[in-house]
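Topology and contacts: notes
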There are 2 protein chains.
Amino acid sequence: MAHIKLQDGLPGIRGPMAFSPQTAKPLNALAEVLLRDDNNTLTRGERELIATYVSSLNDCFFCQNIHGAIAGHYLDYDINKIDAVKKDFNATSISPKLKSLLSIAASVQRGGKNVTPEQIEAAKNEGATDKEIHDTVLIAAAFCMFNRYVDGLATWAPEDRQFYVNRAKQRAEEGYIDFDLYNVSVKS
Amino acid sequence: MAHIKLQDGLPGIRGPMAFSPQTAKPLNALAEVLLRDDNNTLTRGERELIATYVSSLNDCFFCQNIHGAIAGHYLDYDINKIDAVKKDFNATSISPKLKSLLSIAASVQRGGKNVTPEQIEAAKNEGATDKEIHDTVLIAAAFCMFNRYVDGLATWAPEDRQFYVNRAKQRAEEGYIDFDLYNVSVKS
């Protein structure tokens, strides 16, 4: 049971967002520009993968599954490949640049001061731009917020991982802003 | 030196915000509604104190000093009393309700799942509403983002703590939205 009274049937972050629409608005706007804005040399799939990886490090079931499914939708990865990235991204076929950015994201997850000049240098040597490094740090930081928002209020989330896979295409197409916060119930 | 090329002379989060105005907009909007919105039974000073405490737990020099100074401005606390709250809030004269909320904020800082039903019950017994608990969790979560954004990019911040005290009144009056992101340089 959630720590505060939330509308029944809203999965994960949707419960608190319906409880507090005035904070949901900037939160969704942030996710939209960070993860979906087209003026970005990181693909939407790569950005969702960074979000997924940080959410798995924070052990947030809802976030790692919904963003993992969206990343899988964009990248054409099945759930096993997403899980492989979460488990040991260095052992997967993702690009060396993305590996260097996931390493930075992992440091941000532990705390901002853990990011080292050597990690930044390695990312730049793989071709990462200042904007890509900036966005990686902010995506990782933002999911340290979203994950804590979801779990700090003990929100409900469907246990069946296929639920998230089934929703990924629609979420990818609709984005994080243009959907009705009050029309996302899955229980009723 | 910051990990990416930032405009010289912008303290703390202002550097990355000038680098990326499109993400600065929702970040500032979030801070504005969370910390300053008048439709809230937590005072602005109490909310800034939660932000300060979480920033000190995350060891973020810039955030704990600027928000500590703003909290001090609202609450009429000098820097020593703000430091006392950061060091051991239970030993200070803040209200039992605020103590119970700071305890929840500290759990969120470690990770959302650390918040216990007993902490929520204790806060409710001190009169905390669902909205106050929601806002405490989201303020704590948001500063786990802001702190990582500031330190994950190794931003510059003035070392003199009086700098922050001197800016607090103006920041409190202007808020987090209606100021010129490009006109906050202190070096030039």
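Note that the coordinates shown come from a computational prediction; the quantities given were computed from them, not determined experimentally.

**Quick look at the relation of the copies chain B and chain A**
Superposing chain B onto chain A takes a rotation of 180° combined with a translation of 0.0 Å along the rotation axis, leaving an RMSD of 0.0 Å. Expressed as a symmetry operation, the mapping of one chain copy onto the other fits a two-fold axis. The rotation axis passes nearest to the C-alpha of Pro26 of chain B in chain B, at a distance of 2.4 Å. A high fraction, 100%, of the interface residues of chain B reappear at the interface in chain A, so the copies pair face to face through one surface.

**A closer look at the interface of chain B and chain A**
Counting residues at the interface gives 41 residues for chain B and 41 residues for chain A. Surface buried jointly by chain B and chain A totals about 3400 Å² across both partners, of which 70% is contributed by carbon and sulfur atoms. By the criterion of area lost to chain A, the three top residues of chain B are His3, His134 and Arg148 of chain B, representing 20% of everything that side buries. Linking chain B with chain A are two salt bridges, by the criterion used here. Across the pair Lys113 of chain B and Asp59 of chain A runs a salt bridge, and its minimum N-O distance is 3.1 Å. For the interface between chain B and chain A, the tally reads 14 residue pairs in polar contact (both at pLDDT 80 or more).

**Focus on the packing of helix α6 (residues 96–110) of chain B against helix α7 (residues 117–125) of chain B**
Residues and elements named next belong to chain B. It is the contact of α6 with α7, at a shortest axis distance of 9 Å, that shows an interaxial angle of 155°. Of the possible angle classes, the one that applies to α6 and α7 is roughly antiparallel. Pair α6 / α7 crosses with left-handed handedness. Here α6 contributes Ser100, Leu101, Ser103, Ile104 and Ser107 to the contact with α7, which in turn contributes Gln119, Ile120, Ala122 and Ala123. Residue composition of the contact of α6 with α7, grouped by class: five nonpolar, four polar and no charged.

**Notes on α6 of chain B**
The α-helix winds at 3.6 residues per turn, so residues separated by three or four positions along the chain end up facing the same way. Taking 1.5 Å of rise per residue, 15 residues should cover 21 Å, and α6 of chain B covers 22 Å from first to last C-alpha, within 8% of that figure. Listed as buried for α6 of chain B are Lys97, Leu98, Lys99, Ser100, Leu101, Leu102, Ile104, Ala105, Ala106, Ser107, Val108 and Gln109 of chain B. Where α6 of chain B is buried, its residues contact α8 (130–152) of chain A together with α3 (44–57), α5 (79–88), α7 and α8 (130–152) of chain B. Gly111 of chain B lies just past α6 of chain B and shows a positive phi near 150°.

**Looking at the packing of aromatic side chains**
Applying the stated criterion across every chain, the model contains ten aromatic pairs over all chains. Relative to Tyr164 of chain B, the ring of Phe61 of chain B has its centre 6.0 Å away and its plane inclined at 80°; by these criteria the two rings are edge-to-face. Of this pair, Phe61 of chain B sits in helix α4 (residues 61–75) while Tyr164 of chain B sits in helix α9 (residues 162–174); the two residues are 103 residues apart in sequence, bridging distant segments of the chain. What makes Phe61 of chain B partly exposed here is its relative accessible area of 33%. Three or more aromatic residues link up through ring pairs in this structure, and these residues are Phe61, Phe62, Phe163 and Tyr164 of chain A. Its end group placed over the ring of Tyr77 of chain A, Lys81 of chain A keeps NZ or CZ at 4.3 Å from the ring centre.

**Some thoughts on the nonpolar core**
By size, the foremost hydrophobic cluster in this structure holds 119 residues, and its most contacted members are Met145 of chain A together with Met145 of chain B. If we ignore the near neighbours within four places in the chain, the residues touching Met145 of chain A are Leu27 and Leu30 of chain A together with Leu30, Ala141, Ala142 and Met145 of chain B.

**Here we look at the packing of α8 of chain A against α8 of chain B**
Between two packed helices, the angle of one axis relative to the other and the distance separating the axes together describe the packing. Packing of α8 of chain A against α8 of chain B leaves a shortest axis separation of 8 Å and a crossing angle of 160°. Classified by the angle between their axes, α8 of chain A and α8 of chain B sit roughly antiparallel to one another. The way α8 of chain A lies across α8 of chain B gives a crossing that is right-handed. For the pair α8 of chain A and α8 of chain B, the contacting residues are His134, Val137, Leu138, Ala141, Ala142, Cys144, Met145, Arg148, Tyr149 and Gly152 of chain A in the first and His134, Val137, Leu138, Ala141, Ala142, Cys144, Met145, Arg148, Tyr149 and Gly152 of chain B in the second. Within the contact of α8 of chain A with α8 of chain B, the residues separate by chemical class into 14 nonpolar, four polar and two charged.

**Focus: α9 of chain B**
Residues and elements named next belong to chain B. The first and last C-alpha atoms of α9 sit 19 Å apart over 13 residues, in line with the 18 Å expected at 1.5 Å per residue. Of all the bends found along α9, the most pronounced is centred on Ala168 and spans about 40°. All buried positions along α9 are accounted for by Phe163, Tyr164, Ala168, Arg171 and Ala172. Contacts made by the buried residues of α9 are with α1 (14–19), α2 (21–36), α3 and α4. Looking one or two residues beyond α9, the residue adopting positive phi is Gly175, at roughly 80°.

Rules and cut-offs
Residues numbered from 1 in each chain as written. Chains lettered and ligands numbered in written order. Predicted model: local features only at pLDDT ≥ 70, side-chain atom pairs only at ≥ 80, totals over all residues. Heavy atoms only, no water. Least-squares fit on C-alpha atoms with pLDDT ≥ 70 in both. Contact = heavy atoms within 4.5 Å. Buried area = accessible area lost by both parts, 1.4 Å probe. Salt bridge = Lys/Arg side-chain N within 4 Å of Asp/Glu carboxyl O. Polar contact = N/O pair within 3.5 Å; in protein donor to acceptor, adjacent residues only side chain to side chain. Axes fitted to C-alpha atoms, helices over the stretch in contact; angles between N-to-C directions. Helix = DSSP H or I, 4+ residues; strand = E, 2+ residues; numbered from the N terminus. Parallel < 35°, antiparallel > 145°, perpendicular 65-115°, else oblique. Left-handed = near helix turned anticlockwise from the far one by under 90°. Nonpolar A, V, L, I, M, F, W, Y, C, P; charged D, E, K, R; others polar. Expected span 1.5 Å × (residues − 1). Buried < 20%, exposed > 50% of the residue type's maximum accessible area, 1.4 Å probe, protein only. Phe/Tyr/Trp six-rings, centres within 6.5 Å; stacked < 30°, edge-to-face > 60°. Lys NZ or Arg CZ within 6 Å of the ring centre and 35° of its normal. Core = buried A, V, L, I, M, F, W, Y, C linked by side-chain atoms within 4.5 Å. Bend = angle between axes of the 7 residues up to and from the residue.

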